[in-house]
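So you can see what is in the structure, the chains are spelled out below.
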Amino acid sequence: LPTAFIPSAERYQLMPNIDRWVIKNTFAAYRDMLDRNNEKCQYVFSINLSGTSLGDKSLLGFIREQLAVYAIPPTSICFEITETSAIVNLKNTIQLFTALRKLGCSFALDDFGSGMSSFTYLKNFEVDFLKIDGAFVKEMHINKIDHAMVRSIHSVAEAMNIKTVAEFVENDAILKELKGIGVHYGQGMHLGSPVAIKKLIENFSQLNS
């Protein structure tokens, strides 16, 4: 699992290489799906970027290069960064966001609400999706304070025309509360388990054959 190797990868400055591997292989998989169904594929792939990658000046050039190599639509790629990483690399993050947005990519701010000044920093980013920290979601059906936090984050996001994604949707009770608030999307074991990308491509081929 990522928690087993990412701390060591961050310590030894290996995350930029891992991020590039993920970008390249995600683009290759998406190209495969497009080729199997005559360019008809409505998925959006969300790719996490580490904090160290946000400080990598050559990352933008690499992404542009891979988009050209695999000829995939940039509008189908969403880059995801944590709130903490964005704040630490504020200037570089804004520059990277601006350049990639011009290409057509979208952005998600992950684990939102975990920082001390979340709403203040949100004004600095032009993001498309706000992922509500699972710490507030996982007990919102039984904890009125967590419920209020989720509702508050969603309300601010809506005012800024940002779509919300709730993490840790683990049961139907949580899903019902999220629907009541109006949260746009959910992520969690109740909605779908992780699938190997090879299996995803196979399933996609079967659905569209």
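Scroll up to find the structure this text is about.
Residues numbered from 1 in each chain as written. Predicted model: local features only at pLDDT ≥ 70, side-chain atom pairs only at ≥ 80, totals over all residues. Heavy atoms only, no water.

Engineer: So what exactly am I meant to see when it comes to the packing of aromatic side chains here?
Structural biologist: The geometry of two aromatic rings is summed up by the distance between their centres and the angle between their planes. The final tally for this structure, using the stated rule, is four aromatic pairs. On the basis of an interplanar angle of 25° and a centroid distance of 4.0 Å, the ring pair of Phe97 and Phe107 is categorised as stacked. With Phe97 in helix α6 (residues 90–103) and Phe107 in strand β3 (residues 106–112), the pair connects residues that are 10 residues apart, well separated along the chain. You'll find Phe97 and Phe107 in the same group, each marked buried. Both rings, one in Phe129 and one in Tyr185, keep their centres 6.2 Å apart while their planes meet at 65°; by these two values the pair is edge-to-face. (Phe/Tyr/Trp six-rings, centres within 6.5 Å; stacked < 30°, edge-to-face > 60°. Helix = DSSP H or I, 4+ residues; strand = E, 2+ residues; numbered from the N terminus. Buried < 20%, exposed > 50% of the residue type's maximum accessible area, 1.4 Å probe, protein only.)

Engineer: Is there a simple way to think about the pattern of salt bridges in this case?
Structural biologist: Side chains that carry opposite charge are capable of pairing whenever their charged atoms lie near each other. With the rule as written, the count across this model stands at six salt bridges. The residue Asp56 makes a salt bridge to Arg20 at a minimum N-O spacing of 2.9 Å. Here the residue Asp56 occupies a position in the loop between α3 (51–54) and α4 (59–70), and Arg20 occupies one in helix α2 (residues 15–36), the gap between them amounting to 36 residues. Among the ionic pairs, Asp35 bridges to Arg31, the shortest N-O distance being 2.9 Å. Here Arg31 and Asp35 lie together in helix α2, a separation of four residues that amounts to about one turn. Sharing partners across several salt bridges, the network here consists of Arg101, Glu126 and Asp128. (Salt bridge = Lys/Arg side-chain N within 4 Å of Asp/Glu carboxyl O.)

Engineer: What am I meant to see in unusual backbone geometry here?
Structural biologist: Keep in mind that most residues, glycine aside, have a negative phi and that most peptide bonds are trans. You will see that Ala71, though not glycine, has its phi angle at about 50°, which is positive. Mapping Ala71 onto the fold places it in the loop between α4 and β2 (77–82). Ala71 sits in the partly exposed class, given a relative accessible area of 47%. Phi is positive for Asp111, which is not a glycine, with a value near 55°. Along the chain, the position of Asp111 falls in strand β3.

Engineer: When you look at the side chain of Asp133 in this model, what are you seeing that I'm missing?
Structural biologist: Position of Asp133 among the secondary structure elements: in the loop between β4 (129–132) and α8 (134–137). Despite its burial, Asp133 pairs with no opposite charge; the closest candidate is Lys138, at 7.7 Å N-O. Looking at Asp133, its side chain comes within polar contact range of the main-chain nitrogen of Ala135, at 2.9 Å. Every residue in contact with Asp133, bar those within four places of it in the chain, is listed here: Asp111, Phe112, Ser114 and Glu167. (Lys, Arg positive; Asp, Glu negative; His and termini not counted. Polar contact = N/O pair within 3.5 Å; in protein donor to acceptor, adjacent residues only side chain to side chain. Contact = heavy atoms within 4.5 Å.)

Engineer: Mind showing me how you'd approach the side chain of Asp146 here?
Structural biologist: One can find Asp146 in helix α9 (residues 144–159). It turns out Asp146 is buried and unbridged, and the closest side chain with the opposite charge, Lys138, is 8.2 Å from it. The contact partners of Asp146, leaving out residues within four places of it in the chain, are Ala135, Phe136, Glu139 and Met140.

Engineer: Would you explain the environment of Ser50 in this entry?
Structural biologist: Tracing the sequence through the fold places Ser50 in the loop between β1 (45–48) and α3. The class for Ser50 is buried, based on a relative accessible area of 8%. Each C-alpha atom of the pair Ser50 and Ser193 lies 23 Å from the other, and the pair is 143 residues apart in sequence. Excluding its chain neighbours within four sequence positions, the residues that come into contact with Ser50 are Met15, Pro16 and Asp19. At 2.8 Å, the side chain of Ser50 forms a polar contact with the side chain of Asp19. A distance of 3.2 Å separates the side chain of Ser50 from the side chain of Thr52, its partner in a polar contact.

Engineer: I keep staring at the sheet that holds β2 and nothing clicks. Help me out?
Structural biologist: Adjacent strands of a sheet pair through backbone hydrogen bonds, lying either parallel or antiparallel. Across the sheet, which stays open at both edges, the six strands sit in the order β1-β2-β3-β4-β5-β6 with parallel pairing between neighbours. Looking at strand neighbours, the two that pair on one side only are β1 and β6 (185–186), the edges of this open sheet. Relative to β2, β1 runs parallel, the two being bridged by four bridges. Along β2, the bridge assignment pairs Ile47 with Phe79. (Pairing = 2+ DSSP bridges.)

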